[in-house]
Amino acid sequence: MFDRLGRIVARAAEAACSVMFAAVFLVFVWKIAMRYLAHDAIAWADEVSVVLFIWIVFIANGFVVEDRRQISFDLLYRHVGTGAQRVFGILRVLLVGGLFAAALPGSLGYITFLWRERTPVLLMRLDFVYSCFGLFMIAVLVRMLARLVRLLGPRWREAL
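Residues numbered from 1 in each chain as written. Predicted model: local features only at pLDDT ≥ 70, side-chain atom pairs only at ≥ 80, totals over all residues. Heavy atoms only, no water.

Brief notes about the packing of aromatic side chains
Inclusion rule: Two rings belonging to Phe, Tyr or Trp (six-membered ring only in the last case) form a pair when the distance between their centres is within 6.5 Å. Interplanar angles under 30 degrees mark stacking, angles over 60 mark edge-to-face geometry, and anything in between is tilted. Where helices and strands are cited, they refer to DSSP runs of H or I of at least four residues and of E of at least two residues respectively, numbered from the N terminus. Each residue gets one of three labels from its accessible area relative to the maximum for its type: buried under 20%, exposed over 50%, partly exposed in between, using a 1.4 Å probe on protein chains only.
Applying the stated criterion across every chain yields a total of 6 aromatic pairs. A ring pair is formed by Phe 58 and Phe 133, whose centres lie 5.1 Å apart and whose planes are at 75°; its orientation type is edge-to-face. You can see Phe 58 sitting in helix H2 (residues 44–64) and its partner Phe 133 sitting in helix H5 (residues 131–152), a full 75 residues away along the chain. Ring geometry for Phe 100 and Phe 136: centres 5.9 Å apart, planes at 65°, overall edge-to-face. Highlighted residues: Phe 100 in helix H3 (residues 82–113) and Phe 136 in helix H5, separated in sequence by 36 residues. Judged by its relative accessible area of 14%, Phe 136 is buried. Taken together, the aromatic side chains of Phe 58, Phe 100, Phe 133 and Phe 136 make up a single cluster linked through ring pairs.

Following this line, the structure appears as structure tokens:
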């Protein structure tokens, strides 16, 4: 059930990131057209592109990109048996999950503090702009917890 829900969320996040990436492209083309055809430099285009790119990076990394596709240092991991790989996997999950869990309250507190600040051109609240980072952190924590459950379960070889 949780795997199915995870796939649905990943597909929705992938679709949202695709739409945002298309929007970045369209805004970029609009900015170029306005600059060279209408001789009008529009400032809002840069801001929209940056905000959308921030959202794309954090949403894609939190919900779409699988752990196996992330950059990892696996010099030792590749050369040990499955039992040791399981131990390494558990240690990795505990380390990464622990760091994210420790950083989550402060990060969410800072994000909520940012409601006071706004972007320079469109005056968007910065808590909205950076709320994707909070979603990213929560997604990583959920993924680490799910991986830990798999590694500790009877079918742990599938989690390697």
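Focus on the packing of H2 against H5
Keep this limit in mind: Helix axes are fitted to C-alpha atoms over the stretch in contact, other axes to C-alpha atoms as well, and angles between N-to-C directions run from 0 to 180 degrees. The cut-offs work like this: below 35 degrees is roughly parallel, past 145 is roughly antiparallel, 65 to 115 is roughly perpendicular, and the gaps in between are oblique. In this description, contact between two residues means that some pair of their heavy atoms is separated by no more than 4.5 Å. Only Asp, Glu, Lys and Arg are considered charged, only Ala, Val, Leu, Ile, Met, Phe, Trp, Tyr, Cys and Pro nonpolar, and every remaining residue, Gly among them, polar.
Running from amino to carboxyl end, H2 crosses H5 at an angle of 10°, the nearest separation of the two axes being 8 Å. One element, H2, and the other, H5, form an angle in the roughly parallel class. Across the interface between the two elements, Ile 54, Trp 55, Phe 58, Ile 59, Asn 61, Gly 62 and Phe 63 from H2 touch Ser 131, Cys 132, Phe 133, Leu 135, Phe 136, Ala 139 and Arg 143 from H5. Here the residues of the contact of H2 with H5 are counted per class, giving 10 nonpolar, 3 polar and 1 charged.

As for the pattern of salt bridges
For clarity, the cut-off: Whenever Lys or Arg places a side-chain nitrogen within 4 Å of a carboxyl oxygen from Asp or Glu, that contact is recorded as a salt bridge.
The final tally for this structure, using the stated rule, is 3 salt bridges. Among the salt bridges present, the one from Asp 46 reaches Lys 31, with a minimum N-O distance of 3.4 Å. Taken together, the positions of Asp 46 in helix H2 and Lys 31 in helix H1 (residues 2–37) put the pair 15 residues apart, joining distant regions of the chain.

Brief notes about unusual backbone geometry
The residue His 39 is not glycine, and still its phi comes out positive at about 55°. Along the chain, His 39 falls in the loop between H1 and H2. Residue classification places His 39 among the exposed residues on the basis of a relative accessible area of 69%. Phi is positive for Leu 123, which is not a glycine, with a value near 55°. Tracing the backbone shows Leu 123 in the loop between H3 and helix H4 (126–129).

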